[in-house]
Amino acid sequence: MTHEERSELASDDRPPGLSPAAAALAARCEAQVNELARRMARGVFEQLRGYDELPGDVKDVEIAATARHAIRLFLRGAAEGSGWDSLEYFQERAAQRAEEGMPLHLLLRTYTLGSRELWRALREVAGPGEQQALAELTEALFTAADRVVGAVAESYLDERVALAAERHEQRRSRARALLDGRPLVGGPTPDGPVLVLCLRFGTSTVSGGLSPVTVRRLLRRVQAALDRAFGTEALAVLDGDGGHVVVPGVVEPPGRLRELLRETAGPEVRLAAAAATTVGDIPRAAQLTAEVVRVAAACGAPPGVHRLDDVLLEYHLSRPSEGSARIVAVLAPLADRPELVETLRTHLEQRQDRRATAHLLNLHPNSVDNRLARIQDLTGLDLADPRDVALALAALLLRDADTGVTE
């Protein structure tokens, strides 16, 4: 089709508001499409930060082809009156760039710079008396660029979200397999020591009725904190209550981990760590860390990083046996008096310091004495007797293990 024929067609079937003169100007510029695309891919876009790092075939083939398609689509649309009914081509290319890891700012700027270069070409082709036609094409170019950039950004971000979700699920599946002691499907099996962590978020987080969106944001922040602390991708299985984390090749948590988790999950977060010598030891380490966190919370230890040695006696006392039911029954008289149970727990945690107990419970020391006396009357325990103190501690720990109650 000749330029004259395109101009005639444009006069009969052109977008509303686009004059025959504008259509004719666009038609005259179409001969420059290939040269414009090459100049963009290997000249104009070189000024963009990070563009020079792209592979040569991406620049010369894919980006040049996209630029050529976009220029031709615009010019033919202006000359022939055809619309941009489908942006699928640009959306597919955007998804491909997202999968390859091309930064979004770099991708979008190729379109904005390409639009500016096309406008310059139109300006150079425009002759005397075609200022109005050039203005019409400029406005049409702005409109087209707005549509394309919006579709490209949306498609790119959708693909990145899908890729992130897929990657997250792969990591989660690997962590779950390691924690369950099952063979890994895809990816290498860790060779050597593995650090296993158990996280327990604070009671305010767990019982706060957080929305699913808030929980997802919390878990993303926690995952980012874990990755930053270890300098690698930590394999995690987490929900709104907490969960387990597996970090191959590590035997000790970094010192800053606790602070990073406090910043993301709050000051009540608890953390227990245990090293597994081999992959086969991971399930045992996971069970141990979960028990250490539970025992530390049950005996009133302040939130923080817990080790088995920190709660060694309490851990031993919390192991069920044939006598567990009878030990738990010692506290049965306190079943309807939660304030007495809390006072007993706090008093034992504070090494039977009545003033420290009173401070934590916001009570007068005399009120603590009255409560302790009432506990002794109801249970028959003598809290001045080391044996009865150990029995009370064991009863509290076994009671929480049996009911799932944590503080």
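Please read these numbers as outputs of a predicted model, since none were measured by experiment.

A. Quick peek at the packing of helix α15 (residues 354-361) against helix α16 (residues 365-379). Contact geometry of α15 with α16 gives a least axis separation of 8 Å together with a crossing angle of 100°. Here α15 lies roughly perpendicular to α16, going by the angle between them. Here Arg354, Arg355, Thr357 and Ala358 of α15 lie close against α16, whose contacting residues are Pro365, Asn366, Val368 and Asp369. Each residue belonging to the contact of α15 with α16 can be placed in one class, and the counts come to three nonpolar, two polar and three charged.

B. Structural context of the pairing of strand β3 (residues 242-248). Buried residues dominate β3, accounting for six of its seven residues. For strand β1 (residues 194-200) and β3, the ladder comprises seven bridges, and the chain directions are antiparallel. Residue pairing across strands places Val194 opposite Pro248, the latter belonging to β3. Relative to β3, strand β2 (residues 235-238) runs antiparallel, the two being bridged by four bridges. Across the sheet, residue Val237 finds its bridge partner in β3, namely His244. Hairpin connection between β2 and β3: a loop of three residues separates the two successive antiparallel strands.

C. Representation of the environment of Ala151. The residue Ala151 is located in helix α7 (residues 131-180) in this model. For Ala151, a relative accessible area of 7% gives the class buried. Distance from Ala151 to Glu88, taken between C-alpha atoms, is 8.7 Å for residues 63 residues apart in sequence. What Ala151 contacts, discounting residues up to four positions off in sequence, is Leu87 and Gln91.

D. Molecular detail of the packing of aromatic side chains. On inspection of all chains with the given rule, the structure shows three aromatic pairs. Considering the side-chain rings of Tyr89 and Phe90, the 5.7 Å spacing of their centres and the 85° angle between planes classify their relative orientation as edge-to-face. Its relative accessible area of 1% is what places Phe90 among the buried residues. Here the aromatic rings of Phe90 and Tyr111 are separated by 6.1 Å at their centres, their planes lie at 75°, and the arrangement is edge-to-face. Highlighted residues: Phe90 in helix α5 (residues 88-100) and Tyr111 in helix α6 (residues 104-125), separated in sequence by 21 residues.

E. Representation of the confidence of the model for the protein chain. Mean pLDDT over the protein chain works out to 85, with 91% of the residues at or above the 70 mark. Contacts from residues 403-407, a stretch scored under 50 in pLDDT, to residues over four places away or in other chains number nine contacts.

F. Expanded view of the sheet that holds β2. Reading across from one edge, β2-β3-β1-β4-β5 is the order of the five strands in this open sheet, with mixed pairing throughout. Edge positions in the sheet fall to β2 and β5 (305-306), since each of these pairs with one other strand and no more. Against the sheet, α7 engages β1, β2 and β3, with an angle of about 85° to β2.

G. Local environment of empty space enclosed by the protein. Per the stated rule, a full pass over the model turns up one cavity of 30 Å³ or more. The space that makes up the largest cavity amounts to roughly 340 Å³. Along the wall of the largest cavity there are 25 residues; nearest its centre are Thr66, Ala67, Ala70, Thr110 and Tyr111. Put simply, the parts of the chain that give the lining of the largest cavity at least two residues each are α4 (56-80), α5, α6 and α7. Class assignment of the residues belonging to the lining of the largest cavity gives a composition of 19 nonpolar, four polar and two charged.

H. Main features of the side chain of Asp388. Within the element layout of this structure, Asp388 appears in helix α17 (residues 386-403). The exposure class of Asp388 is buried, given its relative accessible area of 10%. A polar side-chain atom of Asp388 sits 2.8 Å from the main-chain amide nitrogen of Asp382. Every residue in contact with Asp388, bar those within four places of it in the chain, is listed here: Gly380, Leu381 and Asp382.

I. Up close: the nonpolar core. Core analysis: the biggest nonpolar cluster contains 50 residues, and Leu75 and Leu137 have the highest contact counts within it. Elements supplying a minimum of two residues to this core: α2 (20-29), α3 (33-42), α4, α5, α6 and α7. Here Leu75 is in contact with Ala26, Cys29, Glu30, Val33, Leu118 and Leu122, once residues within four sequence places are set aside. Counting residues in hydrophobic clusters, the runner-up holds 47 residues, among them Ala175, Ala286, Ala298 and Ala394.

J. Main features of the pairing of strand β4 (residues 270-276). The buried count for β4 comes to six of seven residues, which makes it a mostly enclosed element. Taken together, the two bridges between β4 and β5 define a ladder with parallel strand orientation. Bridge pairing in β5 links Ala272 to His306.

K. Inspection of the environment of Tyr51 at higher detail. Here Tyr51 shows up in the loop between α3 and α4. Spatially, the C-alpha atoms of Tyr51 and Met102 are 9.2 Å apart, while their sequence positions differ by 51 residues. Residue contacts for Tyr51: discarding those within four places in its chain leaves Ala41, Phe45, Glu46, Lys59, Ile63 and Leu106.

What counts and what doesn't
Residues numbered from 1 in each chain as written. Predicted model: local features only at pLDDT ≥ 70, side-chain atom pairs only at ≥ 80, totals over all residues. Heavy atoms only, no water. Axes fitted to C-alpha atoms, helices over the stretch in contact; angles between N-to-C directions. Helix = DSSP H or I, 4+ residues; strand = E, 2+ residues; numbered from the N terminus. Parallel < 35°, antiparallel > 145°, perpendicular 65-115°, else oblique. Contact = heavy atoms within 4.5 Å. Nonpolar A, V, L, I, M, F, W, Y, C, P; charged D, E, K, R; others polar. Buried < 20%, exposed > 50% of the residue type's maximum accessible area, 1.4 Å probe, protein only. Pairing = 2+ DSSP bridges. Phe/Tyr/Trp six-rings, centres within 6.5 Å; stacked < 30°, edge-to-face > 60°. pLDDT = per-residue confidence, 0-100. 1 Å grid on protein atoms, 1.4 Å probe; cavity = no way out; pocket = protein on both sides within 12 Å on 5 of 7 lines; lining within 4 Å. Points joined across faces, edges and corners; volume = space filled by probe spheres on them. Polar contact = N/O pair within 3.5 Å; in protein donor to acceptor, adjacent residues only side chain to side chain. Core = buried A, V, L, I, M, F, W, Y, C linked by side-chain atoms within 4.5 Å.

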